[in-house]
Structure formats: C-alpha cells, structure tokens
Amino acid sequence: MLKTFSIGGVHPHENKLSAHQPIITAEVPAKAVILLGQHIGAPAKPVVAKGDMVKVGTKIAEPAGFVSAAIHSSVSGKVAKIDTVVDASGYAKPAIFIDVEGDEWEETIDRSKTLVKECEYSAEEIVKKIADAGIVGLGGACFPTQVKLCPPPSFKAECVIINAVECEPYLTADHQLMLEHAEEVMVGVSILMKAVKVNKAFIGIENNKPDAIELMTKVASSYAGIEVVPLKVKYPQGGEKQLIDAITKRQVASGALPISTGAVVQNVGTAFAVYEAVQKNKPLFERVITVTGKSVAKPSNFLARIGTPMKQLIDACGGLPEDTGKVIGGGPMMGKALVNIEVPTAKGSSGILIMNQKEAKRGEAQTCIRCAKCVSACPMGLEPYLLGALSENGDFETMEKERIMDCIECGSCQFTCPANRPLLDYCRLGKGKVGAMIRARQAKK
C-alpha cells in the first residue's frame, strides 16, 4: 500500500510533457536582471554599485536580516544600474542589472565534474557555507535554507525529509535532476543530515516516476540512513505538511512549525544546491527550469542562470505558440500568470507553462451550490466555500477565526469547484489581509 497524506487532495491531469528531456544548459543572457527579493523575508542589500565589474559567483547582495539570503551574480560583466523591474508577481521590485561580458567565474568555484563524497565540515561550518552560498528552498517557497537548518532550541530534529514529489502538473525539473545527478543529490542529503545532526533521511518520490525511484533507491543503498519512500500520486503531496503526514504519519498542528513533528523538509533541488555549495564552493546562481505547454514545439528542461529573461528560454523551445492564452510562472495549480515574458528568472522559478487559449479560459463563476467538493479536497481541513464568501464580503476578522492562515494556497478547492468559483483568488486575497492585520497587532505590542 503506497503512502500518502490523510486529508483531502485532488488528481489533476499530470501532463508531464517534458519528462525525460535531458537538461540543456541554456545560453548565457546578454543582460542579466537579478532580483534582490528572491526569498521569503527581507530583500538582500546590494554590495555592488553601478560600474562595478563582477564575475560568475561574485556576491552582489547580502542578507538584510535573520530571514534573508545572499545573492550572487550569475554572469560576468559590468553592473549597469540598480533599478526596479516587474517580477513574476506583476509588481516592480528592486534588481541589479548586469551587462554581460564573457563568462569568467570566481576562481574559488570547483568546476570539475568529480564527485566529492566526503564532507569534512562540522554542522556549524556546513550551515555557514549554505548561508554564504545564498541557498533557499527551491520547491517554490524560497525559505532561506540556513534558517530552516537552525530550528528554535525548544525543537529537536529527528529526520530530514527530501521533497522529490514534484506533484505540480507539467513540471519535470526535479525528476530530471534525479535521473542525471542522483549521486550529488545523495551527498547533499547526507550533508543536510549532518547539518541538523540526525541519522535518518527519507526521500519522498511519487509513483509516476518509477525510473527515479529505482535509481535513487539503488544509489541510496550505499549511503547510511537514507531511505527512498514511493508515494501514491496525489496533489498537493509536495506541500511540506502533507509530505510530513505521508511519510511519518505525524500532523503539523494549526499554527505550529513543521519542525514540531521532528522533521526538517528540503526540496531535492535544494539538496543538489547544498552539494554544490559545500563540496564545490558554488553559490546558487543557476537552476533547472521546465518550459512546457501543450502547444510548445519542444517542451524542455533547462539549466538556466538566474536573471535570464523568460522570453529567452521560451524562444529556445521554439518560441511563443500562436494560440497562447496565458504564460504561467510555475505550474498550473500554484503558479501565477505573468504580465510579460521579459520577467527575469529567479531562484524560485521552477517552470514556465504556456497555456493555450482553450486551457487558459476560465469558466464563468456561478453561485455556490453547497456541494462541499472544496471541503473534501482541502488538504488542510478548511472550508474554502466559507473562506471565499468571507473574503468576497471583506469579513477578514471571521476569516482569521476560520484559520485562513493555515491555507497553503494549493488551489485544490478551485480545481474541484463545479461552479467555477475563484476560491483560490479569494483565499489568497483574504490571507494577505489577515496576515497584515496580525503583523499590525504584533507591532503594537
């Protein structure tokens, strides 16, 4: 019996069109636009100025608080300006613009392909190297990794869980990364175990990736304490709380931190980035990104430098199809529609999905028919029809009582609603308002 999480969940069409497409190294852009806010928390502070010369891997911005992350140049060349650019959220955000000249890397980066298994560093040294490399969670939430590896003293880590689920339809970046870099991922997992001082790790992989399960199980057999756990295909299994439930059968209580279950969850892409940072001195300045869609000529997986315009990756797949309805940053369930395709890629860019007009068209919203499908689908045990109505009517105080802050914005409610109600939109809106109310209350204390 395959494991899965206990509450809710849906089964969208997988549409993994780019599965088994080898990772192609994308061309270096002519201009790179590197956002300062590529992580949850305070945007990084620039440490370069207009006219400065940088190399690939040069630190160009430092963390601006406890929850923040360093940012490094993904290209070599001259800093053209520090200005704002519209990012994937549709808002203007500060960024460093670099005119690319050549491709000169920092000498400290080990560019050889040799696998370095032994990690000589202490737990504290590992965490420092991860922080210096600017690593964040690559599953999409972009939480600074060093913060997650240092839980509050009242909590003790018991295991590391690696999220290799990739439950979001269309995306295949993590799947392909495992097929091509299984050994490096395993070393990364063992480094993460050492960092949080545990001797057990679980790698959760959904059953629609049998080749990855087979390969990772084979490679894991020579690493102490690492176990591959095949999981039933169910969305949103890649959610941190859902994955902990699926693998350990422990639930994260409302308002509690995932570490309260003893688990530290990291994405498989993060584990690979940790290997490169600790064993190869390579900061996080490139990542694997899936570019896909039913009308795309060549759905592909790219290793792209951070700050590459999304248009360049779309062009490398044969360009924007004529019947394009929407371009989504991420996958169809949790991704957001882009305002234009010049948006620069960031650390959290897992995919670019080009939806055709038929797919992109939303059905007209009807009156709620009280079918409770959204309640059955919600993996957090919430009542989305109620939260949607409260948000629509601006009753944010009641939304807070109804646990809107537990919403993980997975979109299962909206996906399953026969009345086409924009439940996710309303929940996102309300969650933002309630979050602001909570912060305002705390600021007064």
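What counts, and where the lines are drawn
Residues numbered from 1 in each chain as written. Predicted model: local features only at pLDDT ≥ 70, side-chain atom pairs only at ≥ 80, totals over all residues. Heavy atoms only, no water. Helix = DSSP H or I, 4+ residues; strand = E, 2+ residues; numbered from the N terminus. Rg over C-alpha atoms; globule rule 2.2 N^0.38 Å. Buried < 20%, exposed > 50% of the residue type's maximum accessible area, 1.4 Å probe, protein only. Contact = heavy atoms within 4.5 Å. Areas by Shrake-Rupley, 256 points an atom, 1.4 Å probe, with all protein chains shown as cover. Phe/Tyr/Trp six-rings, centres within 6.5 Å; stacked < 30°, edge-to-face > 60°. 1 Å grid on protein atoms, 1.4 Å probe; cavity = no way out; pocket = protein on both sides within 12 Å on 5 of 7 lines; lining within 4 Å. Points joined across faces, edges and corners; volume = space filled by probe spheres on them. Nonpolar A, V, L, I, M, F, W, Y, C, P; charged D, E, K, R; others polar. Pairing = 2+ DSSP bridges. UniProt positions renumbered as here; feature names shortened; annotations may be inferred. Axes fitted to C-alpha atoms, helices over the stretch in contact; angles between N-to-C directions. Salt bridge = Lys/Arg side-chain N within 4 Å of Asp/Glu carboxyl O.

Take the overall build of the protein chain next. Secondary structure assignment for the protein chain yields 13 helices and 17 strands. Over its C-alpha atoms the protein chain spans a radius of gyration of 21 Å, differing by no more than 12% from the 22 Å that the globule rule assigns to 445 residues. Considering the protein chain as a whole, with its 445 residues, one finds that 52% of them fall into the buried category. Long-range pairs, those at least 24 residues apart, make up 74% of the contacts in the protein chain with a sequence separation of at least 6. Only carbon and sulfur atoms are counted for the fraction: they give 54% of the accessible area of the protein chain, which is about 19,500 Å².

Attention now moves to the packing of aromatic side chains. By the definition in use, this model includes one aromatic pair. Considering the side-chain rings of Trp105 and Phe285, the 5.3 Å spacing of their centres and the 80° angle between planes classify their relative orientation as edge-to-face. Of this pair, Trp105 sits in the loop between β8 (92–100) and α1 (123–132) while Phe285 sits in the loop between α6 (268–280) and β13 (286–292); the two residues are 180 residues apart in sequence, bridging distant segments of the chain. Phe285 matches Trp105 in its accessibility class, with the two residues each being buried.

Moving on: the layout of surface pockets. To locate leftover empty space, one rolls a probe as large as a water molecule over the atoms. The calculated volume of the second largest pocket comes to roughly 690 Å³. Only β1 (23–25), α3 (173–195), α6, β13 and β14 (300–305) provide two or more residues apiece to the lining of the second largest pocket. Here the lining of the second largest pocket is built from residues that sort into 15 nonpolar, five polar and twelve charged.

Let us now look at the sheet that holds strand β3 (residues 45–46). As summarised here, the arrangement of the three strands in space is β3-β5-β6, forming an open sheet in which the pairing is antiparallel. One side of each edge strand has no neighbouring strand; the edge strands of this open sheet are β3 and β6 (71–72). Note: strand β5 (residues 59–62) against β6, two bridges, orientation antiparallel. Of the residues in β6, the one forming a bridge with Lys59 is His72.

Under the UniProt annotation, the feature "binding site: [4Fe-4S] cluster 2" (unreviewed entry) is placed at Cys378, Cys407, Cys410 and Cys413. What stands out for the annotated residues spanning 36 residues is how close their C-alpha atoms remain, the widest pair being 10.7 Å apart. When the annotated set is filtered for residues lining the largest cavity, what remains is Cys378, Cys407, Cys410 and Cys413. In this structure, Cys378 sits in the loop between α9 (373–377) and α10 (384–392). Under the relative-accessibility criterion, Cys378 is labelled buried at 9%. The contact partners of Cys378, leaving out residues within four places of it in the chain, are Ile7, Gly8 and Pro384. Residue position: Cys410 is located in the loop between α11 (396–401) and α12 (412–416).

The sheet built from six strands is open, its strands ordered β1-β14-β13-β17-β15-β16 with mixed pairing. Edge positions in the open sheet fall to β1 and β16 (336–337), since each of these has one partner strand only. The sheet contact formed by strand β15 (residues 324–329) and β16 spans two bridges and is antiparallel. Within the sheet, the bridge partner assigned to Ile328 lies in β16 and is Ala337. Running over the sheet, α3 touches β1, β13 and β14 and is turned about 125° from β13.

Before going further, it helps to spend a moment on the UniProt feature "binding site: [4Fe-4S] cluster 1" (unreviewed entry) in the protein chain. According to UniProt, the positions carrying the feature "binding site: [4Fe-4S] cluster 1" (unreviewed entry) are Cys368, Cys371, Cys374 and Cys417. In summary, the annotated positions, though distributed over 50 residues, converge in three dimensions, the widest C-alpha pair being only 10.6 Å. Checked against the element boundaries, Cys371 lands in the loop between α8 (357–360) and α9. By relative accessible area, Cys371 is classed as partly exposed at 37%. Under the relative-accessibility criterion, Cys374 is labelled buried at 7%. Once residues lying within four places of it in the same chain are set aside, the contact partners of Cys374 are Pro384, Tyr385, Cys413, Thr416 and Leu423.

Moving on: the side chain of Ser391. Tracing the backbone shows Ser391 in helix α10. What Ser391 contacts, discounting residues up to four positions off in sequence, is Phe396, Met399, Tyr426, Leu429 and Gly430.

If you walk through the whole model with that rule in mind, you get 23 salt bridges. The shortest N-O distance in the salt bridge between Glu240 and Lys148 comes to 3.0 Å. Residue Glu240 is located in helix α5 (residues 240–248), and its partner Lys148 is located in helix α2 (residues 145–148); the two are separated by 92 residues in the primary sequence. Judged by its relative accessible area of 24%, Lys148 is partly exposed.

A few words on the pairing of strand β12 (residues 263–267). With five of five residues buried, β12 is to be regarded as a mostly interior element. Going residue by residue along β12, you find Ala263, Val265 and Asn267 tucked away on one face and Val264 and Gln266 tucked away on the opposite face as well. Inspection of the sheet shows strand β9 (residues 159–163) paired to β12 by five bridges, in the parallel sense. Paired with Cys159 across the two strands is Ala263, which belongs to β12.

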